[in-house]
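A look at the structure
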Amino acid sequence: MGELEYPGGMREDGLPAVLSDPARLAALEASGMIGSAPEQVFDDLARLAVSITGAAISAITFVGKTRTYWKSVPHLAYGGVENWQNAVGDSFCYFAVGANGPFVVEDAEKDPRTAGHRAIGPWGVGAWAGFPIVTADGQAIGTMCVIDANPRRWEQHELESLAVLARAVANEINLRISLSVAQSALHSARNALAVSRDLARSLQDSLLPPVLRPVPGLDASARYLAATGDVEVVGDFYDLFHARGPWWTAVLGDVCGKGTEAAKVTALARYTLRADAGDHLSPAAVLDRLNTAMLAQRAPRYLTAVQATFRTTPTGAAGRLCTAGHPPALIRRADGRVQETGVPGTLLGVMPTVRLTDVRFRLAPGELLFLYTDGACESRPDPRSPLPHRPIFDEEALARALADTHGMDAAATNAHIADVLAGHHGGWASDDTALLSLRVPPRP
Amino acid sequence: MQERPPDGLSVRITEVTRPNACVLALLGSTGAWNVTVLEQAFRDAGATGRPLVVDLSGLDFGDEVLLGFLLHAYTTPRGLVLLGPVTGSFARRLYRTGVDELFKTQQTLALALAQLPE
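Focus on the overall build of chain B
Helix and strand content of chain B: four helices and seven strands. Sequence-ordered secondary structure for chain B, helices as α and strands as β, is β-β-β-α-β-β-α-β-α-β-α. For 118 residues, the compact-globule estimate of 2.2 N^0.38 gives 13 Å, and the C-alpha radius of gyration of chain B, at 13 Å, lies within 12% of that figure. In terms of principal-axis extent, the alpha carbons of chain B reach across some 35 × 30 × 25 Å. By the burial criterion, 53% of the 118 residues in chain B qualify as buried. Long-range contacts, defined here as pairs at least 24 residues apart, represent 65% of the contacts in chain B between residues at least 6 apart. On chain B, roughly 5,300 Å² of surface is accessible, and the fraction owed to carbon and sulfur atoms is 53%.

This is how it looks when you write it as structure tokens:
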């Protein structure tokens, strides 16, 4: 048997060195063909090879470092994985793999490349023709081959058809590899999404008080309504905390945008407000300091906020309130009327000089101060919905809805507003919404 | 000129050479579902390197994110003029947030272009 030259040279056992190439073996492993059982799609292609060439035997094989694995040998009954393979030197398949090209023999006994080869006897090889199965990245991992018991000439059209069938096998395998990679990527993406969702939820939770601290003589409740389908942390926040002496501070803010940049500003705002509210009983002064802090920290987002500093009194509650670029606060009077309060002030984090104004407010027994983010006064149905167009649920609509809560406590008021919003947007919330209600309980 | 498919928001970018300007026209409504369209529009407009005119006369609703993009454009040295009339909820938003006096707003394109820096 004459020695052949292979592009990658030869191993010590005289077989092509490429059989041991890690990249090729990795491609073979990725194909999932090693030790796999016969499949109809491959058997059909192998039978087609017989029909086209008139050969006695056809086979689809995959060639490893030391073993050749048979994928399809239609003329043989499947004998299990252990029997459906042989030593790599016991067939001609490695010739085509080693050359990464066709290997065609018309008379195996006389051809100097195969004369005396140990595969001739067991397989009864008179003539052999095979084409490599090549992966998308160019690795020859197996063969599509035909065998005849007697020497014969292979016609050009037969060889061309055999090459097409080898490419068909390769395409099938490449599609499977692509699908497997895509499924793996999808799995990874789903895992990453789940992690991201958990992180966003944890971060959002950390930016909102788990429960509102009870204020003596006041009924307080907050509610956070997430936008539909959102997994990103958002910038709506609220807080209620003791400022100093008899004074308490309620604050509700909305950082523009979502994601970690918004979360950073939210955290900065919450902790700055908590730190400064004890020093200044003027909400305007506290928000002004927050503006300065945001500019100093080069906050990447702007913020709107409403802050109230108040104390309870024998006749209810009283304090001062300031809005910074934020929708006006609403006060539900004891008789059910709803009044806006707050002077429009400059949003925070953009301009070095802001115009902020404190206004005084009083709450009598049964009256409620309602703070909210713009999700409550800009609610819109999904514009992609086939349902008839509905107008924006605006500030006037919100005021009317709040008037309908006459007599309700803080939690019931928030729940009612949440229900009205859901009814308007049809279950598709375009924006996150924070609600904070402070009510002086009615006298018994 | 560059057109985008409408998804509640239609965007048109026109580059003007005399005077040097980029006109970004927003028609419809901005919202969470088209924030990427809006972001890309401002990015494309910024990539022209030209002073910016944002035409809000066809805007039905502008959310907080649109205001954020306008504020960002305002802080760049290229210059920004709004083309109105700015009406409805976005006019209220500009007033409520105290930035209505920050932006130069004109009622015609000729006046808006005339107010841009050379």
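What about the layout of surface pockets?
One number sums up the size of the largest pocket: a volume of about 1,200 Å³. Lining of the largest pocket is provided by 44 residues; of these, Cys256, Gly257 and Arg301 of chain A together with Val65 and Phe69 of chain B occupy positions nearest its centre. Contributions of two or more residues to the lining of the largest pocket are made by strand S9 (247–258) of chain A together with helix H1 (35–47) and helix H2 (64–75) of chain B. When grouped by side-chain class, the residues that make up the lining of the largest pocket number 18 nonpolar, twelve polar and 14 charged.

Details of unusual backbone geometry
Residue Arg18 of chain B is joined to Pro19 of chain B through a cis peptide bond whose omega torsion reads -5°. Following the sequence through the fold, Pro19 of chain B ends up in the loop between strand S2 (9–16) and strand S3 (21–29). Between Gly84 of chain B and Pro85 of chain B the backbone carries a cis peptide bond, its omega angle lying at 10°. Within the fold, Pro85 of chain B resides in the loop between strand S6 (80–83) and helix H3 (88–96). The phi torsion at Asn100 of chain A lies on the positive side, around 50°, for a residue other than glycine.

Some details on the interface of chain B and chain A
Tallying the contact residues gives 21 residues for chain B and 28 residues for chain A. Each partner contributes to the roughly 1,900 Å² buried at the junction of chain B and chain A, and carbon and sulfur atoms together form 58% of this total. When the buried area of chain B at its contact with chain A is split by residue, Trp33, Glu64 and Arg96 of chain B rank highest and sum to 40% of it. For the pair chain B and chain A, the interface holds three salt bridges.

Things to note about the domain arrangement of chain A
Often, the extent of an interface is quoted as the loss of accessible area on bringing the components together. Considered domain by domain, chain A is made up of domain 1 (17–181) and domain 2 (212–439). A separation of 72 Å is found between the C-alpha centroids of domain 1 of chain A and domain 2 of chain A.

Describing the pattern of salt bridges
Applying the stated criterion across every chain, the model contains 21 salt bridges over all chains. In this structure, the salt-bridge partner of Arg152 of chain A is Glu158 of chain A, at a minimum N-O distance of 2.8 Å. With respect to burial, Arg152 of chain A and Glu158 of chain A carry one shared label: buried. When the shortest N-O distance is used, the salt bridge between Arg43 of chain B and Glu39 of chain B registers 3.2 Å. Within this pair, Arg43 of chain B and its partner Glu39 of chain B are both found in helix H1, separated by four residues, close to a single helical turn. Since its relative accessible area comes to 46%, Arg43 of chain B is described here as partly exposed. A single salt-bridge network, built from bridges that share partners, covers Glu39, Lys71, Glu172 and Arg176 of chain A.

With respect to the side chain of Asp432 of chain A
Residue and element names in this part refer to chain A. Note on placement: Asp432 falls in the loop between helix H9 (410–425) and strand S16 (433–439). You can call Asp432 buried: its relative accessible area is 2%. A distance of 2.5 Å separates a polar atom in the side chain of Asp432 from a polar atom in the side chain of Tyr224. Here Ala227 takes part through its backbone nitrogen, which lies 3.1 Å from a polar atom of the side chain of Asp432.

Considerations on empty space enclosed by the protein
Residue and element names in this part refer to chain A. Here the structure, examined in full by the defined rule, presents five cavities of 30 Å³ or more. Estimated volume of the largest cavity: approximately 100 Å³. Lining of the largest cavity is provided by 15 residues; of these, Ser91, Cys93, Trp123, Trp128 and Ile147 occupy positions nearest its centre.

As for the pairing of S3 of chain B
Residues and elements named next belong to chain B. A large share of S3 lies buried, amounting to eight of its nine residues. Two elements, S2 and S3, share eight bridges in a ladder whose sense is antiparallel. Bridging across to S3, Arg12 finds its partner in Ala25. Hairpin connection, S2 to S3: the antiparallel pair is bridged by four residues.

What counts, and at which threshold
- Residues numbered from 1 in each chain as written.
- Chains lettered and ligands numbered in written order.
- Predicted model: local features only at pLDDT ≥ 70, side-chain atom pairs only at ≥ 80, totals over all residues.
- Heavy atoms only, no water.
- Helix = DSSP H or I, 4+ residues; strand = E, 2+ residues; numbered from the N terminus.
- Rg over C-alpha atoms; globule rule 2.2 N^0.38 Å.
- Buried < 20%, exposed > 50% of the residue type's maximum accessible area, 1.4 Å probe, protein only.
- Contact = heavy atoms within 4.5 Å.
- Areas by Shrake-Rupley, 256 points an atom, 1.4 Å probe, with all protein chains shown as cover.
- 1 Å grid on protein atoms, 1.4 Å probe; cavity = no way out; pocket = protein on both sides within 12 Å on 5 of 7 lines; lining within 4 Å.
- Points joined across faces, edges and corners; volume = space filled by probe spheres on them.
- Nonpolar A, V, L, I, M, F, W, Y, C, P; charged D, E, K, R; others polar.
- Buried area = accessible area lost by both parts, 1.4 Å probe.
- Salt bridge = Lys/Arg side-chain N within 4 Å of Asp/Glu carboxyl O.
- Domains from an automatic or database assignment.
- Polar contact = N/O pair within 3.5 Å; in protein donor to acceptor, adjacent residues only side chain to side chain.
- Pairing = 2+ DSSP bridges.

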